[in-house]
Amino acid sequence: LKFSLAAGCGQPAPGEPCASCFRLVARFGFGGQSLAMEVDSRFFLGIGLSFLNCLLSSVGFTLQRKSSLISQKDSSREGTRYSWTLWVVGVMLYVSAAAPDVLAYTLVPQVVCVTVACFRLVVVTFLAHMFLEERVHRREAIGMVARAQA
């Protein structure tokens, strides 16, 4: 497996570099033959934006849930103010996750964005286990594996 970085995307004219684009050429060797695959830098940017969307929406969702748990546990004025602040920050993060998602859909195929979006289930489960003190049991793990296979 060999990687090389080449300037240009071939859009202006074949062989002339394009200033706004780089491409990564990966060569895979199969029994003396090689298969070259070109991936634009836009693809990597789209993947990164998809993961950013996943992270922002998961953290926002977890903060909203944490604020709900705090407000159920502590009904004092300070607890209510703290839980309301957490809820507002969570909603803002969740809503702001839409911008990277829209940009990602303009850069990479829909199937790639949807595949990365399935990773959100794992991130939310991890955050719930770590910060909300929820436990992942066999039923939840089997559900995630079954969903990943579908």
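Every chain's residues receive numbers from 1 upward, in the order its sequence appears when written. For a predicted model such as this one, the threshold for reporting local features is a pLDDT of at least 70, and the threshold for listing and counting side-chain atom pairs is 80 or more; totals across whole chains, interfaces and linings nevertheless cover every residue. Values reported for side chains reflect all heavy atoms of the structure, with hydrogen atoms and water molecules removed beforehand.

K.L.:
Got a minute to help me understand the packing of aromatic side chains in this structure?
P.N.:
We describe a pair of aromatic rings using the distance from one ring centre to the other and the angle between the two ring planes. Centres within 6.5 Å are what make two rings of Phe, Tyr or Trp a pair, Trp counting through its six-membered ring; a difference in plane orientation under 30 degrees is then read as stacked, over 60 as edge-to-face, and the rest as tilted. Taken as a whole and judged by the stated rule, the model has two aromatic pairs. Note on Phe43 and Phe44: the rings are 6.2 Å apart at their centroids and 75 degrees apart in plane angle, and the pair reads as edge-to-face. With a centroid separation of 5.8 Å and an interplanar angle of 80 degrees, the aromatic rings of Phe51 and Phe119 are classed as edge-to-face. In this pair, Phe51 is assigned in helix H1 (residues 41-73) and Phe119 in helix H5 (residues 119-131), connecting sequence segments 68 residues apart. By definition, any uninterrupted DSSP run of H or I lasting at least four residues is a helix, any uninterrupted run of E lasting at least two residues is a strand, and each is numbered from the N terminus.

K.L.:
What am I meant to see in the side chain of Ser83 here?
P.N.:
Structurally, the position occupied by Ser83 is in helix H2 (residues 77-96). Each residue gets one of three labels from its accessible area relative to the maximum for its type: buried under 20%, exposed over 50%, partly exposed in between, using a 1.4 Å probe on protein chains only. Residue classification places Ser83 among the buried positions, given a relative accessible area of 6%.

K.L.:
Quick question: what am I supposed to make of the nonpolar core here?
P.N.:
One recurring pattern in soluble globular proteins is that nonpolar side chains are buried together. Nonpolar cores were defined as sets of buried Ala, Val, Leu, Ile, Met, Phe, Trp, Tyr and Cys residues, with membership established by side-chain atoms within 4.5 Å. Judged by nonpolar contacts, Ile47, Leu49, Ala104, Val108, Val112, Cys113 and Val116 together constitute the single largest core of seven residues. Listed by contribution, the elements that provide at least two residues to this core are H1 and helix H4 (110-117). Looking at this core element by element, the count peaks at three residues for H4. Any two residues whose heavy atoms approach within 4.5 Å at even a single point are treated as in contact. Beyond its immediate stretch of four places on either side in the chain, Ala104 contacts Gly46, Leu49, Ser50 and Cys113.

So far we have only geometry, and geometry alone does not tell us how the molecule works.
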